[in-house]
Amino acid sequence: MNRGTVARIDPIALQHNLHTIKQQAPHSRVWAVVKADGYGHGAIACATALSHPEAIVCPDGFAVATLQEAKSLRLAGITQPILMLEGAASVHEVQQAAELALTLMIHQAHQIDWLDSLGSEQQIAVLVKVDTGMHRLGIAPDNVTTIVNQLSSLPQVASLGITSHFACSDDQTHPMNHRQIALFSTCAPEIQPRSLANSAAIWNFPDSQLDWIRPGIALYGASPVAGKSAAALNLLPVMTLTAPIIAERWVETGEPVGYACTWRASRRTRVATLAIGYADGYPRHAPSGTPIWICGDIAPLIGRVSMDMITIDVTDIPEATVDCHAELWGKHLPVDEVAATIGTISYELLTRVSPRVPRL
Ligand SMILES: *Cc1c(COP(=O)(O)O)cnc(C)c1O
């Protein structure tokens, strides 16, 4: 029996979010990004829900970071195109990618040599990744024509597209965005399909939607746009993370709570202890005051986050007693609000929920 700490995953919300995204980018095909185990939601469950025959909308493909992630989707019966965003790490990975009918990102010249190792009957779809300014991954713009020509002449290349990635798309005012859009448009303009936009760019820079969009975080119902809530963008939370109260006590004024006695009661305080801690992925650096939803109210986190437990102040919420379930983020408490208080982003909170927490 699990101790009652669970992450509920709502497939209807996931489908709703894809629908919202497609309304926002009606002329683009969609790579649904399910890397990092579907941003912590379970990649197989999410891909299965999104490709359900009765789903109102379906993505045109799925994007993952690694070969392992792609393989587990294929083993689970996912038949749509699967894009490996980081590309192959070895000649062996290229061969496996071809066998699994994956789409490969080409971001380094030496990855082209690996394509040569495929048998003459083997072919693979590739996308050339261009470094338009983020300087993390991609071919330098000056070399794109050479790379495209090389790839076009290879019999192993089944199809060829071109892509790049934004550095600052969540910030609509950042000058980098228009620089990247303009530079990308000059790189092998004859090559299609073209793909540039992640979640934030779908809203902030509609002229970057092009042939394929690559939404990740928006699918999971967190806001990709700085200063705008997910609700305002018609996105619904997919993960709701809850934990039960396992103990309660009164502590007198002046008494400390938790490791290192970082918090002390400024009044007589009723303390509830929840069965979730940093080993479950709740961040240890969450400060006292971080909001936690319980019984229709918000209680502040008090004291240090322990490995398996946290403590909250429920003095003003008398209904919050042992066995009540608190929500760390989800339907009642947007993950973006929690992330802002903690000084991180929703991506990190969602992807860090540990395997100890069952996904229901
Ligand atoms: C992760 C990733 C995405 C998705 O980004 P979101 O901000 O979550 O929408 C898109 N493209 C690439 C190359 C990525 O690595």
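Computed from a predicted model, the values in this text were never measured in an experiment. (Residues numbered from 1 in each chain as written. Predicted model: local features only at pLDDT ≥ 70, side-chain atom pairs only at ≥ 80, totals over all residues. Heavy atoms only, no water.)

Most of strand S13 (residues 269–274) sits out of view: six of its six residues are buried. Alternating residues of S13 divide into Thr269, Val271 and Thr273 and Arg270, Ala272 and Leu274, and every residue in both groups is buried. One ladder, built from four bridges, connects S13 with strand S16 (residues 310–313); its direction is antiparallel. The partner of Leu274 across the bridge, within S16, is Ile310. (Buried < 20%, exposed > 50% of the residue type's maximum accessible area, 1.4 Å probe, protein only. Helix = DSSP H or I, 4+ residues; strand = E, 2+ residues; numbered from the N terminus. Pairing = 2+ DSSP bridges.)

The subject of this paragraph is the environment of Gly254. As for its position among the elements, Gly254 is in the loop between strand S10 (239–251) and strand S11 (256–257). For Gly254, a relative accessible area of 35% gives the class partly exposed. Through-space distance from the C-alpha of Gly254 to that of Leu115 is 68 Å; in sequence the pair is 139 residues apart. Beyond its immediate sequence surroundings of up to four residues, Gly254 is in contact with Arg264 and Ala265. (Contact = heavy atoms within 4.5 Å.)

Moving on, we come to helix H3 (residues 43–50). Residue pairs spaced three or four apart in an α-helix point in one direction, given the helix's 3.6 residues per turn. When H3 is considered as a whole, its buried residues turn out to be Ala43, Cys46, Ala47, Ala49 and Leu50. Viewed along the axis of H3, the buried residues span an arc of 160°, placing them on a single side of the element. Residues of H3 that are buried make contact with helix H1 (11–24), strand S2 (29–33), helix H2 (35–39), strand S3 (61–64) and helix H4 (67–75). (Arc of directions from axis to C-beta.)

Turning to the pattern of salt bridges, a few remarks are in order. In this structure the tally under the stated criterion is nine salt bridges. The closest approach of N and O atoms between Arg267 and Asp316, which form a salt bridge, is 3.3 Å. On the criterion of sequence distance, the pair formed by Arg267 in the loop between strand S12 (263–264) and S13 and Asp316 in the loop between S16 and strand S17 (325–329) is long-range, its members being 49 residues apart. Asp308 serves as the salt-bridge partner of Arg356, at 2.8 Å between the closest nitrogen and oxygen. Separated by 48 residues along the polypeptide, Arg356 in the segment after helix H11 (346–351) and Asp308 in the loop between strand S15 (297–302) and S16 bring together distant segments of the chain. Judged by relative accessible area, Arg356 falls into the partly exposed class, the value being 38%. According to the relative accessible area criterion, Asp308 is partly exposed, its value standing at 29%. The network of salt bridges with common partners includes Arg3, Asp280, Asp308 and Arg356. (Salt bridge = Lys/Arg side-chain N within 4 Å of Asp/Glu carboxyl O.)

Right, let's get into the state of the cysteines. A complete count under the given rule lists zero disulfides for this structure. No disulfide involves Cys324; its sulfur sits 3.9 Å from that of Cys295, the nearest cysteine. (Disulfide = S-S within 2.5 Å.)

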